[in-house]
Amino acid sequence: MSLVERDLKVIWHPYTQMKTALPPIPIVKGEGACLFDGEGKKYIDAVSSWWVNIHGHSHPYIAQKVAEQLSKLEHVIFAGFTHEGAVELAERLLAILPGNQQKAFYSDNGSTAVEVAVKMCLQYWYNQGKSRTKILALKNAYHGDTFGAMAVSGRSAFTTPFDSMLFEVEFIDLPTIDNIENLKSQISNLKSQLACFIFEPLIQGSGGMLMYEAEYLNELMLHCHNEGVLLIADEVFTGFGRTGKPFACDHVTEQPDIMCFSKGLTGGTMALGLTTCTQQIFDAFLSDDRLKTLFHGHSFTANPIACSAALASLDLFLDPSTSANLKRIEAAHQQFALKVKHHPKLKTIRQTGTILAMEWQTGTDTSYFSSLRDKLYQYFLDAGIILRPLGNVIYILPPYCITNEELNYIYSKIEHALEEI
Ligand SMILES: *Cc1c(COP(=O)(O)O)cnc(C)c1O
């Protein structure tokens, strides 16, 4: 039996159970921005393997650091014990985050980093005997697939079977010049009930690469703080250079109370989650009363192997060649966007840092719309490019090591697709 046949027999993959779904492609090797299948066919990973990879696949430096760690300490309980990697990673990250971030809480993926953040906020008020229990979030938000993370995400086809079991959340529109005053008064009306405002800064990834301006985000953040509402910046996707700066919150002046990280944290090597917070949040839990504890711990919290991958990834991230790559990709995207922005098949084209998103025209024919996504996906796979559209939105979000030749090849295939599909 081939690997694909064996896979189809025993594996339940996320998002691909439709009877019409294509069989999975077996990948045997990764190098730089590319993946290779069993027959040696090369794919450019233009979506960074679900947005996690930042320095390229099987990076030798990360591999070396992980291998060294494996023979020293693979794992240790992270309650009552600690280890060098967890401490060093927290020290080095807190030093480059907004200045108010003082404590790091580990977990093991992006959804759990969000769960921890939401629990921190709710219990922050609970511990002080204040009943602020409502959460404010943005429409079309995505914060993960576990129940709490799903509850603070926009309601969609992904959540429908569970909607009646998700706790109540107030959803507001993305802030713009036109609605910002209106949003501020909505917040003021709810303020005494609001525990926190959770948001994906500057760009909503899963929502369809929806972008909004730092200026209005900043105004919203400032207003929340004036009303005593805590701020959670979910940087699971935007962290580590995606938006052109190290963190999306580097584009605003107001500082969030809590930040969530995963995806690029380990360079895309391993699962690791991190939630950071201010001293003020931490102090609301520091007590002689056991009931004030944040009872949340996963078996693989702060796994030493994952921490070693994150430390190695951080070394690479802080190397000047990475910021040069961010600028190079940003400039290349800009040039390509200028070239195709008036194409009649494109509804909009938008960019934030290393992320370029193109919304395809769908017209009024919705059957065309649903088949368009599959056609585009297959077209690029045949061309040796992994571009996994979100509905009618194609986006390029490459590992930062992608070469100019690889980028130009992707752009040229997109131009072909604009003519042919
Ligand atoms: C992917 C994502 C998550 C969830 O992370 P997982 O590791 O997939 O659980 C949370 N928030 C944002 C903004 C994301 O893009």
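Residues numbered from 1 in each chain as written. Predicted model: local features only at pLDDT ≥ 70, side-chain atom pairs only at ≥ 80, totals over all residues. Heavy atoms only, no water.

A.B. asks: Can you explain the domain arrangement of the chain? Please cite residues and give values.
C.D. replies: Each assigned domain of the chain is listed with its residue range as follows: domain 1 (3-58 + 320-420) and domain 2 (64-317). Contact with domain 1, which involves 25 residues of that partner, is made by 24 residues of domain 2. Carbon and sulfur atoms supply 63% of the area that domain 1 and domain 2 bury against each other, a total of about 2100 Å² over both sides. The largest per-residue losses of area from domain 1 upon contact with domain 2 belong to Trp-51, His-55 and Thr-352, which jointly make up 28% of the total buried on that side. At the junction of domain 1 with domain 2, the criterion picks out zero salt bridges. Inspection of the domain 1/domain 2 interface yields 12 residue pairs in polar contact (both at pLDDT 80 or more). (Domains from an automatic or database assignment. Contact = heavy atoms within 4.5 Å. Buried area = accessible area lost by both parts, 1.4 Å probe. Salt bridge = Lys/Arg side-chain N within 4 Å of Asp/Glu carboxyl O. Polar contact = N/O pair within 3.5 Å; in protein donor to acceptor, adjacent residues only side chain to side chain.)

A.B. asks: Describe helix H8 (residues 214-226), listing the residues and the values that go with them.
C.D. replies: If you check H8, its first and last C-alpha atoms are 18 Å apart, about what 13 residues at 1.5 Å a residue would give, namely 18 Å. Within H8 the residues assigned to the buried category are Tyr-216, Leu-217, Asn-218, Leu-220, Met-221, His-223 and Cys-224. In this fold, the buried residues of H8 make contact with strand S5 (134-138), strand S6 (169-172), helix H7 (180-190), strand S7 (194-199) and strand S10 (230-234). Looking at the residues trailing H8, positive phi occurs at Gly-228, about 80 degrees. (Helix = DSSP H or I, 4+ residues; strand = E, 2+ residues; numbered from the N terminus. Expected span 1.5 Å × (residues − 1). Buried < 20%, exposed > 50% of the residue type's maximum accessible area, 1.4 Å probe, protein only.)

A.B. asks: Talk me through the site of the ligand; I want residue IDs and the actual numbers.
C.D. replies: The environment of the ligand is made up of Trp-51, Asn-109, Gly-110, Ser-111, Tyr-142, His-143, Gly-144, Glu-200, Asp-234, Val-236, Phe-237 and Lys-263. A distance of 2.7 Å is found between a nitrogen atom of the ligand and a side-chain nitrogen or oxygen belonging to Asp-234. Residue Lys-263 places a side-chain N or O atom 2.7 Å away from an oxygen atom belonging to the ligand. About the coverage of the ligand: the protein hides 83% of its 380 Å² of free accessible area. Looking at the shell around the ligand, its residues break down into four nonpolar, five polar and three charged. (Near = heavy atom within 4 Å. Areas by Shrake-Rupley, 256 points an atom, 1.4 Å probe, with all protein chains shown as cover. Nonpolar A, V, L, I, M, F, W, Y, C, P; charged D, E, K, R; others polar.)

A.B. asks: Break down the sheet that holds strand S16 (residues 393-396) for me, citing the residues and quoting the values.
C.D. replies: Across the sheet, which stays open at both edges, the three strands sit in the order S13-S14-S16 with antiparallel pairing between neighbours. Strands at the two margins of the open sheet, each flanked by one partner only, are strand S13 (346-352) and S16. Strand-to-strand, the axes of this sheet are offset by a mean angle of 15 degrees, without reference to chain direction. Of the strand pairs in this sheet, strand S14 (residues 355-360) and S16 are connected by four bridges, and their pairing is antiparallel. Looking across to S16, one finds that Ala-357 is bridged to Tyr-395. Contacts from helix H11 (residues 320-340) reach S13, S14 and S16 within the one sheet, and its direction differs from that of S13 by about 165 degrees. (Pairing = 2+ DSSP bridges. Axes fitted to C-alpha atoms, helices over the stretch in contact; angles between N-to-C directions.)

A.B. asks: Provide a residue-level description of H7, including the pertinent values.
C.D. replies: Among all positions of H7, only Ile-180, Leu-183, Lys-184, Ile-187 and Leu-190 are buried. Down the axis, H7 shows its buried residues gathered within 130 degrees of arc, on one side only. Facing away from the buried side of H7 by over 90 degrees, the exposed positions are Glu-181 and Asn-189. Buried positions along H7 lie against S5, S6, S7 and H8. (Arc of directions from axis to C-beta.)

A.B. asks: So what about the pattern of salt bridges? Which residues, and what values?
C.D. replies: Scanning all chains against the criterion turns up 12 salt bridges. Salt-bridge contacts for Asp-315 lead to Arg-92; the nearest nitrogen and oxygen are separated by 2.8 Å. Of this pair, Asp-315 sits in helix H10 (residues 304-318) while Arg-92 sits in helix H4 (residues 84-96), placing them 223 residues apart in sequence. What makes Asp-315 partly exposed here is its relative accessible area of 29%. Residue classification places Arg-92 among the partly exposed residues on the basis of a relative accessible area of 23%. With a shortest N-O distance of 3.3 Å, Lys-191 and Glu-227 are connected by a salt bridge. You can see Lys-191 sitting in the loop between H7 and S7 and its partner Glu-227 sitting in the loop between H8 and S10, a full 36 residues away along the chain. Sharing partners across several salt bridges, the network here consists of Glu-88, Arg-92 and Asp-315.

A.B. asks: Let's hear about unusual backbone geometry: which residues, and what values?
C.D. replies: Glycine aside, the phi torsion of most residues is negative, and most peptide linkages are trans. Non-glycine residue Trp-50 carries a positive phi angle of around 60 degrees. Counting through the fold element by element, Trp-50 comes out in helix H2 (residues 48-51). For Asn-140, which is not glycine, the phi torsion reads 65 degrees and is therefore positive. Inspection of the secondary structure assignment puts Asn-140 in the loop between S5 and helix H6 (147-151).

A.B. asks: Could you give an account of the nonpolar core, naming the residues involved and the relevant values?
C.D. replies: Residues Phe-197 and Ile-414 are the most contacted members of the largest nonpolar core, which totals 93 residues. Here this core spans two domains, and each of domain 1 (3-58 + 320-420) and domain 2 (64-317) adds at least three residues to it. Every residue in contact with Ile-414, bar those within four places of it in the chain, is listed here: Phe-336, Met-358, Trp-360, Phe-380, Leu-387 and Ile-396. Counting 28 residues, the second-largest nonpolar core is a separate cluster that includes Trp-125, Ile-135, Ala-195 and Ile-232. (Core = buried A, V, L, I, M, F, W, Y, C linked by side-chain atoms within 4.5 Å.)

A.B. asks: Break down the packing of H11 against helix H13 (residues 404-420) for me, with residues and values.
C.D. replies: Relative to each other, H11 and H13 sit at 20 degrees, their axes nearing to 11 Å. By the angle between their directions, the pair H11 and H13 is classed as roughly parallel. Here H11 runs over H13; the crossing is right-handed. Contact with H11, carried on its side by Arg-328, Ile-329, Ala-332, His-333, Phe-336, Lys-339 and Val-340, involves Asn-404, Leu-407, Tyr-411, Ile-414, Glu-415 and Leu-418 of H13 and no other residues of that element. Taken together, the residues that form the contact of H11 with H13 break down as eight nonpolar, two polar and three charged. (Parallel < 35°, antiparallel > 145°, perpendicular 65-115°, else oblique. Left-handed = near helix turned anticlockwise from the far one by under 90°.)

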